[in-house]
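# Inside the fold
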Amino acid sequence: MSEKTKIAFFDAKDYDTASFDEAAKGRNFKIKYFETKLDEDTVKLAKGYDVVCVFVNDTVNEKVINSLTKKGVKLIALRCAGFNNVDVAHAANNIGVVRVPAYSPYAVAEHAMALLLTSIRRIHKAYIRTKDFNFSLNGLMGFDLHGKTVGVVGTGKIGRVFIDICRGFGMDVIAYDKFPAKDSGIEYVPIEEIWKRSDIISFHCPLTEETYHMVDKKSIKNMKKGVVLINTSRGALIDADALLEGIRSRHVGAACLDVYEEEADVFFEDRSGHIFEDDTLARLISMPNVIVTSHQAFLTKEALTNIAHTTLDNIEEYLTTGKSKNEVTV
Ligand code: NAI
């Protein structure tokens with residue numbers, strides 16, 4: 001690689017440019033940062049580049065892939081773990097796809113616990129009150145996590161760290177995974193039992209056809225009254241309208257959402273001062289027992305550094321050898 005590898009970097013934010021510029025120092029890359037997301041309209045920007053670097057809300061469907069290959073782009077480098085936004089089947093034999101399978105499971109698991117604690121101890125309410133010198137405790141009563149049952153769906157890298165954190169709080173952990181980890185000391189149960197027994201349920205599995213809307217009207221009905229749901233995985237695991245109904249009927253006690261099924265046009269952007277079009281999200285946000293963060297769980301210094309280094313390593317490896325240990329295949 002004597003000539004610099006040209007990377008078109010989509011959906012770039014200040015924290016991305018800082019970490020990637022740092023990681024690219026002394027290496028053979030020329031990175032052009034585009035603030036816009038990659039989609040069918042913006043794909044024209046990729047002309048003349050070797051690689052496109054994309055994130056969770058870029059659109060990499062069949063049309064975009066065809067356009068990229070026509071332009072001579074050789075690789076789609078995801079700077080995230082999930083790849084549900086890429087038509088991997090269509091990419092096969094057309095263009096390479098690499099991802100960052102792990103960068104800091106701690107970042108996401110710790111954020112899930114931060115959301116849970118904030119929600120059940122009403123920290124979000126207390127913070128606003130004391131800022132206004134209101135020191136009343138009315139309406140701030142929470143409950144102990146100690147002794148509660150937490151159901152963890154997906155016991156991969158993030159799920160396991162979350163389980164360890166929960167155990168540290170003295171919680172009883174049960175889990176569901178399509179591929180249970182052997183000899184892990186984790187109590188695996190069928191998904192129906194997760195719904196039935198859990199006081200709190202946290203999602204750490206990928207979004208697939210199977211997991212799409214695994215939380216819907218029916219599963220919510222089978223959950224304990226007052227259940228707290230935490231989703232730091234992918235929004236579409238939860239049917240947002242069914243969740244809203246569950247909150248309104250008081251069956252769901254609280255929801256902690258770092259992801260939302262229609263987040264693509266909203267999350268990561270400053271929409272203050274705009275008329276907000278998504279009624280379901282607006283209603284959810286308006287609920288006192290719903291906390292929304294905008295896909296922020298990954299956002300730690302350690303994670304960003306790892307993401308930048310692994311992404312550039314993946315690109316280097318793929319362009320030099322034609323493959324990568326972090327390649328996404330069908
Ligand atoms: P991982 O691949 O280590 O673990 C995923 C686990 O889910 C595996 O144990 C797998 O067997 C299990 N699984 C697969 N299909 C399943 C199914 N149908 N039902 C139940 N379990 C199933 O992934 P990792 O690193 O733990 O990440 C989990 C998810 O977290 C990712 O898929 C991604 O969507 C999300 N994520 C969110 C971030 C954020 O900033 N909010 C950042 C990073 C990841």
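Residues numbered from 1 in each chain as written. Predicted model: local features only at pLDDT ≥ 70, side-chain atom pairs only at ≥ 80, totals over all residues. Heavy atoms only, no water.

## Side note on the overall build of the chain
As a reminder, the rule being used: Helical segments are the DSSP runs of H or I of at least four residues, strand segments are the runs of E of at least two, and each set is numbered from the N terminus. Only C-alpha atoms enter the radius of gyration; for comparison, a globular chain is expected to reach 2.2 Å times N to the power 0.38, where N is the number of residues. Burial here depends on accessible area, computed with a 1.4 Å probe over protein chains only, as a share of the maximum for the residue type. Under 20% is buried, over 50% is exposed, and the range in between is partly exposed. Only the protein chains shown count as cover for residues, and the accessible areas themselves come from Shrake-Rupley with a 1.4 Å probe. The charge count includes Lys and Arg as positive and Asp and Glu as negative, but it does not include His or the ends of the chains. For charged residues, the charge sits on one atom: NZ in Lys, CZ in Arg, CG in Asp, CD in Glu.
If you tally the helices and strands in the chain, you get 11 helices and 11 strands. In terms of C-alpha radius of gyration, the chain reaches 21 Å, essentially the compact-globule figure of 20 Å for 330 residues. Taking all 330 residues of the chain together, the buried fraction comes to 50%. Just so you have it, the chain exposes about 16600 Å², and 51% of that area is on carbon and sulfur atoms. Computed over 42 positive and 46 negative side-chain charges, the inter-centroid distance for the chain is 1 Å.

## A look at the nonpolar core
Test applied: By nonpolar core is meant a set of buried Ala, Val, Leu, Ile, Met, Phe, Trp, Tyr and Cys residues that side-chain atoms within 4.5 Å join together. Residue contacts follow a heavy-atom distance rule, with two residues in contact if any of their heavy atoms lie within 4.5 Å.
In this structure, Leu38, Val52, Leu68 and Ile76 are the most contacted members of the largest nonpolar core, which totals 50 residues. Here this core takes seven residues from helix α11 (residues 301-321), the largest share from any one element. The contact partners of isoleucine 76, leaving out residues within four places of it in the chain, are Val52, Val54, Val60, Ile65, Leu68, Ile95, Gly96, Val97 and Val98. By size, the runner-up hydrophobic cluster in this structure holds 32 residues, among which are Val153, Ile247, Val252 and Phe267.

## So, the site of the ligand
Counted only if it meets this: Nearness here has a simple test: a residue counts as near a molecule or strand if at least one of its heavy atoms is within 4 Å of that partner. Here a polar contact means two N or O atoms within 3.5 Å. Within protein one must be a hydrogen donor candidate and the other an acceptor candidate, and residues neighboring in sequence count only if both atoms are side-chain atoms. Residue classes follow a fixed rule: Ala, Val, Leu, Ile, Met, Phe, Trp, Tyr, Cys and Pro count as nonpolar, while Asp, Glu, Lys and Arg count as charged, and any other residue, Gly among them, counts as polar.
Near the ligand lie 22 residues; those nearest to it are Tyr103, Lys157, Ile158, Asp177 and Thr232. Contact between the ligand and phenylalanine 298: an oxygen atom at 3.1 Å from a main-chain N or O atom of the residue. Burial of the ligand by the protein chains amounts to 87% of its free accessible area of 860 Å². Among the residues forming the shell around the ligand, the class breakdown is nine nonpolar, eight polar and five charged.

## Some points on the pairing of strand β9 (residues 227-231)
Quick reminder of the rule: At least two bridges found by DSSP between two strands is the condition for calling them paired. Think of it like this: strands point away, you trace from the first strand over the helix to the second, and a clockwise trace means the crossover is right-handed.
Counting buried positions along β9 yields five of five residues, so the element is predominantly enclosed. Of the two faces of β9, the one lined by Val227, Leu229 and Asn231 and the one lined by Val228 and Ile230 are each fully buried. Where strand β8 (residues 200-203) and β9 come together, four bridges link them in parallel fashion. Within the sheet, the bridge partner assigned to serine 202 lies in β9 and is isoleucine 230. Crossover handedness for the path β8 to helix α8 (residues 217-222) to β9: right-handed. Inspection of the sheet shows β9 paired to strand β10 (residues 252-257) by five bridges, in the parallel sense. In the sheet register, valine 228 faces β10, and the bridge partner there is alanine 254.

## Comments concerning the packing of helix α1 (residues 14-24) against α11
Applicable threshold: What counts as an axis is a line fitted to C-alpha atoms, over the stretch in contact for a helix, and the angles between N-to-C directions run from 0 to 180 degrees. Any angle from 65 to 115 degrees is called roughly perpendicular, while one under 35 is roughly parallel, one over 145 is roughly antiparallel, and all others are oblique. Crossings are sorted by hand: turned counterclockwise from the far helix by less than a right angle, the near helix makes the crossing left-handed, and turned clockwise it makes it right-handed.
Direction vectors running N to C along α1 and α11 enclose 55 degrees, while the axes themselves pass 9 Å from each other. Between α1 and α11, the angle falls in the class oblique. Like other packed secondary-structure pairs, α1 and α11 cross with a definite hand, here right-handed. Taken together, the residues of α11 that come into contact with α1 (itself represented by Tyr15, Ser19, Phe20, Ala23 and Ala24) are Leu304, Ile307, Ala308, His309, Thr311 and Leu312. Considered class by class, the residues forming the contact of α1 with α11 number eight nonpolar, three polar and no charged.

## Here's the deal with α1
The cut-off we apply is this: Note that the arc is computed from the directions linking the helix axis to the C-beta atoms.
Among all positions in α1, only Asp16, Ser19, Phe20, Ala23 and Ala24 are buried. Burial along α1 is one-sided: seen end-on, the buried residues are contained in an arc of 125 degrees. Taken from the residues just after α1, glycine 26 is the one with a positive phi, measuring 75 degrees.

## Remarks on the packing of helix α4 (residues 105-120) against helix α6 (residues 157-168)
At a minimum axis distance of 8 Å, the contact between α4 and α6 shows a crossing angle of 50 degrees. If you check the angle between α4 and α6, you find them oblique. α6 is crossed by α4, and the crossing has right-handed handedness. Each of Pro105, Tyr106, Val108, Ala109, Glu110, Ala112 and Met113 in α4 lies in contact with α6, whose residues at this interface are Lys157, Ile158, Val161, Phe162, Ile165 and Cys166.

## Focus on the packing of aromatic side chains
Which entries qualify depends on this criterion: Aromatic rings from Phe, Tyr and Trp, taking only the six-membered ring of Trp, are treated as a pair when their centres fall within 6.5 Å; an angle between ring planes under 30 degrees marks them as stacked, one over 60 as edge-to-face, and anything in between as tilted.
Summed over the entire model, instances satisfying the criterion amount to nine aromatic pairs. An angle of 75 degrees between the planes, with centres 4.8 Å apart, marks the rings of phenylalanine 9 and phenylalanine 20 as edge-to-face. On the criterion of sequence distance, the pair formed by phenylalanine 9 in strand β1 (residues 5-9) and phenylalanine 20 in helix α1 is long-range, its members being 11 residues apart. Take phenylalanine 20: its relative accessible area is 2%, and that puts it in the buried class. Among the aromatic side chains, those forming a connected cluster through ring pairs are Tyr15, Phe55, Phe268 and Phe298.

## A closer look at the sheet that holds β9
With parallel pairing, six strands are arranged side by side in an open sheet as β7-β6-β8-β9-β10-β11. The two strands at the open ends of the sheet, each matched to only one other strand, are β7 (172-176) and β11 (290-292). Pairs of neighbouring strands in the sheet enclose a mean axial angle of 15 degrees, with direction left out of account. Helix-sheet contacts for α4 involve β8, β9, β10 and β11, and the interaxial angle to β10 is about 140 degrees.

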